[in-house]
Each structure stands twice: as C-alpha cells, then as structure tokens.
Amino acid sequence: MIDAPLRHTTRSLVRLIKSISSDTTFAAPSALRAAQQLHSHVRKVGLLSNEFISSALISVCSAIGFVEIARQLFDEIPDAGLVARTAMVRAYVTVDQPAEALQLFRATVLSGLSPDPIALATAISACCQLGSLSMVKMIHGYIIGSGIVIDPFVSTQLIKAYGNHRELDICRYLFDEMPVKTLVTWNTIIHQCLKHGANEMARGIFAKMPERDVVSWNTLMSGCSQVGRCREALALFHEMEFSREKPNKLTLYIVLSACACIGALDTGMWLHAYLGRSGLNSDGSLDHCLIDMYAKCGSIEKALQVFEGARVRSLYSWTSIICGLAMHGQADHALHLFFRMLEVGIQPDDVTLVGVLSACAHGGLVDQGYRFFSSMEEMYDLKPKIEHYGCMIDLLGRVGRLKEAYNMILRMPMRPNAVLWGTMLSACKVHKNVELGEVAAMKLIELDPCDPWPRLMLSRIYAEVSDWGSFMKLRKEMNAVGLRKTPGCSSIEVNGEVHEFLAGDSLHSQIEEIIVLLENIEAQMQVVFIAKSNVKLNMKTFLCILH
C-alpha cells in the first residue's frame, strides 16, 4: 500500500509511478489500486496538469492492461499537451489498438501541436500494427511537407514500416539519405534486406558498418540460416569470434541450428563445450537445440545423453528427442519416450505428433499410426495439419498400401502440396506402381513444370517394370524442354570446416590435391583387390598401379 498524501518532487513522483509496473511483486489488480491511489493523491495536490506525472500514470495503467482507465485519466487532464497525448497514443499501441492510436494522433496534429520525434515514431508503429501502407505514406508526407527534421529514431521506424510492406527500395533510399545512422538503424536495414531476400545487399551493408554488436551478427547469421546458407552462417560465427564480440543465447541457438542443417558435428560439439564453460545454458533452455543438433548430425547417442542429463525437460526437449529417434529409425524408443512424456503431465503439440507419426512410419507401425492420427483431436485437442497427413502417406507408402495412401490424399481437408505428392511418388517407385506413380508425377508437374525430379522418378519406375517405350518417350520429352537433373551434393567436416562437393564440380580450392589423393586411394584398393584375388604381380606392374 502507498501512504498518501506524500510530498514528492515531480521527478521522484514519476519514478514512484513507473516503479509500479516494473515491480514484479505487484499483481495487476494490486498495481491498479496503487496507481489509483497515486492518481487520487496527484489530483488532490493539484499536479494532474503536470504532463510528466499524468503521462506516467497513463503509461502504468496501459502497461498492466487497463487502457480504458488510462483513457479516463487522459480525459481528466486539463488542456492535455503533446507529452500526455503521446503517452496515450503509445498506450493504445501497447494494447494493439492502432486505429484509436492514429485517431488520437490525427486529433493532436489538428489541434495545432507539432509532433516531436517520439510522437511521430509512435504513430508510425501504429501504422505498422494496422498494416496500412497508405497511412505510413501519409505520415511520411506530413513530415516532409511540414519541414520536420527527421532524426535517426523516426527514420528507423519508417524503414521498418516500409519494410513490412516489401518496399525495400524506399527502405534503402531512406537509409542512404540519413546523415547520422545509429547502430539500431544499421541492424534494421540489414534485417529488412534479409527478410526480403536481398542477402547480398545485407552482406554489403554489414561490411560497411562502423561498429557492430551481437544483434548485428545474429541478424546476419539468422538470415543466412533461414535461406539455407548454413555454411555462411558458421563462417560468420567464426568471424564473430575473432572480432571478440561475445555471443548470447540467440547466437548459440542460430549456430546450433546451422550445425544441424549441414551436419557439422565437430563444431556442434565445440559449441556444447562452450555452453558448459560460459554458463549460457545454465537454465537448460538450449537443451532442445543440442538434442536436435546431435540427432541431425548422426549422433543419436549424444542426443540421448543430453536429454537424460537435463535437469528440466521442456516440451521442446521431449519433442526434439522423439523426432530424433524417429529420424534414426528407433520407433519403439521414440514411442516409449512419448508415453513417458505423457506420464509426467506434458501435453504434446503439433510438432511432437509429427515426430510420433514419423516414428510409426519408420517402424512400419500402421495400426499405431492410425490410432495416434485419429485420436489427435479427441485426446490432444490438435487438428491434423498437412504435415501429419504427410506422415500418414509416408507410413502407408512404406508398407505398400498405396491405394489407401492415395485415397487419404483425396479426402484431405486441405490441398495436397508437392511434399505429399513427392512422398507418394517415391513410394510408387519402391513398389513399382506405374498407375499411381503417373498420377503423382503429373500432379507434381502441375505444381512445378520446371522441376525435373518427378519425370526422373517416373522414368525410373518405367525402367523398373521394363516399359522402355514409355521410358524413352519421357527422356526425350525432358531433353526437348531442356530439363536436367540437379547435381548431387555431398559434404564433409574437417577440423571444424564443412566442405561441400557437387557431382562433376572442380571449384574446390584444393581440388588438385583431392584428385591426387583419390587416385592414390583407388590404386591401393586395386592392389588389395588383386591380392585378395590371388593374382601374381611382377614388380613393374605393381609400381605402375601405385603410380
């Protein structure tokens, strides 16, 4: 409880008001009562017209979720000025009421008050919430027309607003025209570039940064990972190490995900050790990332070690280990852990059920898979999504029940995507089903006429059943339209660095040494093969093979 009346200076009273919303010992109702007591005291001592005090009260009420009471306080202020009006606009933005925020901002401008940078930035935030590009342009036009000098804070908000509407050219123009750029501005333009696929532009801007913080590195690494450039993300992490910028939890989350993406086990193990030394995972919040990384890098044993050694197991940790075991074909173990998870009172989410159904698919557990799938809504309040249907198509396809799988696709409440038809086509190839294979291939060609994969798979089905006429016809069709198979790609991690190779590729910096080494290995294998075949060699032949 707050004793009143008390004599406070404006500064100490504002500080006291703000402490209400920041103090975690206050529940919302208690915080509201405290704010109302202070409001009564402020009214009694005649300080309600003090904009800084009344604005602080408005901010507190909105922060604890009582925007209507904040509006009542605002309406009591005699001749509210810009500070109080901006506080009320921000209150509406805080509770996601952008229309009311912009209505009040418009009234502020019409009243003759000239908005300052904070008021303008708050109004632009409201435009972002509303999703109105026209409103953003209107405020931007007002700023230009009124001759207001745009500071970095307002420019940054405009860059965010235009970026939300895919106006990257305008974002770049605003950024380039800024005489002074803050670190937040640099990070914002990099984020917008990555968000809209302009990765090279983002790299170029990043290279020109006069200074960088952990947000700068995280933004670029995350952007690279999200578009599959995980090797680049890892290279950036190593650059970050040399720059002496300390990583935070988000950094480690991004980099562990990149390791999982490309199978960089050595780097992942180093990161695991680093987490232990740094204490960044003292609360276990990154355990699920470690489990996922080890599972995807092929070390399910280490994934289980992390899981079993965790002091607290979140839903994410359970889901990661279930999905990992499913990926490694350990269906029984995955389902055992799923039932253990239910026993300790943790309810599954959509992703957990994808892991469970995937385990059933890898284990050929059709009846159990059907039970889990059909009980999702009743038992777990989860409506099956396209990913769950995909698992069921995979399960039925693996055991050869292709007609069932096809009928399930036809009965789906959503439109099947390329993943589902691709799963169906792969199953048709395994079981040499030409009729359904042709249906699946045609559906895939409809979705992406330029993708050579469905035609290649269908041609292989024709080859499997010795239908050489259809095989040659399809191959000629592919050649006529210029479709070529995407080269296969393999990778290997050496001393923490991942090297990738495409079929027929000769671009690696050490390609000559690699070829010499491969020829040497091939020669040694020939010697071993001949020796095991009991073929006698003279010295001259032996030296020729080694050479």
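Note that this is a predicted model, so its numbers are computed, not measured.

Per the UniProt annotation, the sites labelled "repeat: PPR" (unreviewed entry) are residues 213-247 and 314-348. With 74% helix and 0% strand, the stretch residues 213-247 has end C-alpha atoms that lie 10 Å from each other. Here residues 314-348 runs as 74% helix and 0% strand, with 11 Å between its end C-alpha atoms.

With that settled, the discussion passes to unusual backbone geometry. Despite not being glycine, Asp381 has its phi angle at roughly 55 degrees, a positive value. Tracing the backbone shows Asp381 in the loop between α23 (376-380) and α24 (386-398). Owing to a relative accessible area of 69%, Asp381 belongs among the exposed residues under this scheme. The residue Lys432 is not glycine, and still its phi comes out positive at about 55 degrees. Among the secondary structure elements, Lys432 is positioned in the loop between α26 (418-431) and α27 (434-447).

Helix α9 (residues 152-164) packs onto helix α7 (residues 117-130) with a crossing angle of 10 degrees between their chain directions and a minimal axis gap of 9 Å. Taken as axis vectors, α7 and α9 run roughly parallel relative to one another. Of α9, the residues touching α7 (which contributes Pro117, Ile118, Leu120, Ala121, Ile124, Ser125 and Cys128) are Phe153, Val154, Gln157, Leu158, Ala161 and Asn164. Considered class by class, the residues forming the contact of α7 with α9 number 10 nonpolar, three polar and no charged.

How each quantity is defined
- Residues numbered from 1 in each chain as written.
- Predicted model: local features only at pLDDT ≥ 70, side-chain atom pairs only at ≥ 80, totals over all residues.
- Heavy atoms only, no water.
- UniProt positions renumbered as here; feature names shortened; annotations may be inferred.
- Helix = DSSP H or I, 4+ residues; strand = E, 2+ residues; numbered from the N terminus.
- Buried < 20%, exposed > 50% of the residue type's maximum accessible area, 1.4 Å probe, protein only.
- Axes fitted to C-alpha atoms, helices over the stretch in contact; angles between N-to-C directions.
- Parallel < 35°, antiparallel > 145°, perpendicular 65-115°, else oblique.
- Contact = heavy atoms within 4.5 Å.
- Nonpolar A, V, L, I, M, F, W, Y, C, P; charged D, E, K, R; others polar.

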